[in-house]
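Structure at a glance
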Amino acid sequence: MEVTRLNKIERLLQKELSELFRKQTAVMRGTLVTVSAVRVSPDLGLAKVYLSIFPSDKSRELLESVEKNKRTLRFDLGQIVRTQLRRIPELAFFIDDSLDYVENIDKILKSSMI
């Protein structure tokens, strides 16, 4: 499949999943879930969704909850994008810990300068 089309699909899924997570976490005060990236396989069979969760100490708990509700999320996503996509990919969720990694590197650099 053409790379441009895959990029458009990834952006579409990222946007719609972000909106779904925003609506679902609105009731959970103090928790922020961001869809940092979506990578779709060339056959549109699998979408790897990378979530950035704040505060990071709740990330495992929230990821487990998302995994339990994976089918519902896929159905809701399908209802939204059904006019743009013929086939809704399976969703695989991962924690994007790149911000924690950057923060850790920053702490190490600051402590070495002192």
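Residues numbered from 1 in each chain as written. Predicted model: local features only at pLDDT ≥ 70, side-chain atom pairs only at ≥ 80, totals over all residues. Heavy atoms only, no water.

**A closer look at helix H3 (residues 70–81)**
This is how it is decided: Each helix is a run of DSSP H or I of at least 4 residues and each strand a run of E of at least 2, with the numbering of both proceeding from the N terminus. Given the number of residues in a helix, its expected span is that number minus one, multiplied by 1.5 Å. For every residue, the accessible area obtained with a 1.4 Å probe (protein chains only) is divided by the maximum for its type, and the residue is called buried under 20%, exposed over 50%, and partly exposed between those limits. Throughout, the arc means the angular range of directions from the helix axis out to the C-beta atoms. Whether two residues touch is decided by their heavy atoms; if any such pair falls within 4.5 Å, the residues are in contact.
In this model H3 runs 16 Å from its N-terminal to its C-terminal C-alpha over twelve residues, within 8% of the 16 Å that 1.5 Å per residue would give. For H3, every residue scored as buried is listed here: Leu 73, Leu 77, Gly 78 and Val 81. Mapping the buried residues of H3 onto a view down its axis gives an arc of 135°, with all of them on the same face. Of the residues in H3, the exposed ones pointing more than 90 degrees away from the buried face are Arg 71 and Phe 75. Those residues of H3 that are buried lie in contact with helix H1 (3–24), helix H2 (59–68) and strand E3 (90–95).

**Section: a nonpolar patch on the surface**
How we decide: Without a salt bridge and with relative accessible area above 30%, a residue can belong to a patch; like charges are then joined within 9 Å and nonpolar side chains (Val, Leu, Ile, Met, Phe, Trp, Tyr) within 5 Å. Exposure was quantified through the Shrake-Rupley algorithm and a 1.4 Å probe, taking into account, for residues, occlusion by the shown protein chains and nothing else. Throughout this description, the term salt bridge denotes a Lys or Arg side-chain nitrogen within 4 Å of a carboxyl oxygen of Asp or Glu.
A grouping of Tyr 101, Val 102, Ile 105, Ile 108 and Leu 109 is seen on the molecular surface, where their side chains present a nonpolar patch of about 500 Å² in accessible area. Within the secondary structure, Ile 105 sits in helix H4 (residues 98–113).

**As for the pairing of strand E2 (residues 46–54)**
Test applied: Note on pairing: DSSP must find at least two bridges between two strands before they are called paired.
Across eight bridges, strand E1 (residues 32–40) lies against E2 in antiparallel orientation. The residue bridging Ala 37 from the neighbouring strand is Tyr 50, located in E2. The hairpin formed by E1 and E2 contains five residues between the paired strands, and Leu 44 there has a positive phi angle of roughly 60°. Note that E2 and E3 share six bridges and pair parallel. The residue bridging Tyr 50 from the neighbouring strand is Phe 94, located in E3.

**Remarks on unusual backbone geometry**
A cis amide bond links Phe 54 with the next residue in sequence, Pro 55, at an omega value of -5°. Within the chain, Leu 44 stands out as a residue other than glycine whose phi angle is a positive 60°. Note on placement: Leu 44 falls in the loop between E1 and E2.

**Comments concerning the pattern of salt bridges**
Overall, the coordinates contain five salt bridges when judged by the stated rule. Of the charged contacts in the structure, one is a salt bridge between Glu 19 and Arg 22, with a shortest N-O distance of 2.5 Å. Of this pair, Glu 19 and Arg 22 both sit in helix H1, three residues apart, roughly one helical turn. On the basis of relative accessibility, which here comes to 47%, the residue Arg 22 falls in the partly exposed class. A salt bridge links Glu 67 to Lys 70, with the nearest nitrogen and oxygen atoms 3.0 Å apart. The exposure class assigned to Glu 67 is partly exposed, which follows from its relative accessible area of 32%. Residue class for Lys 70 comes out partly exposed when judged on its relative accessible area of 24%.

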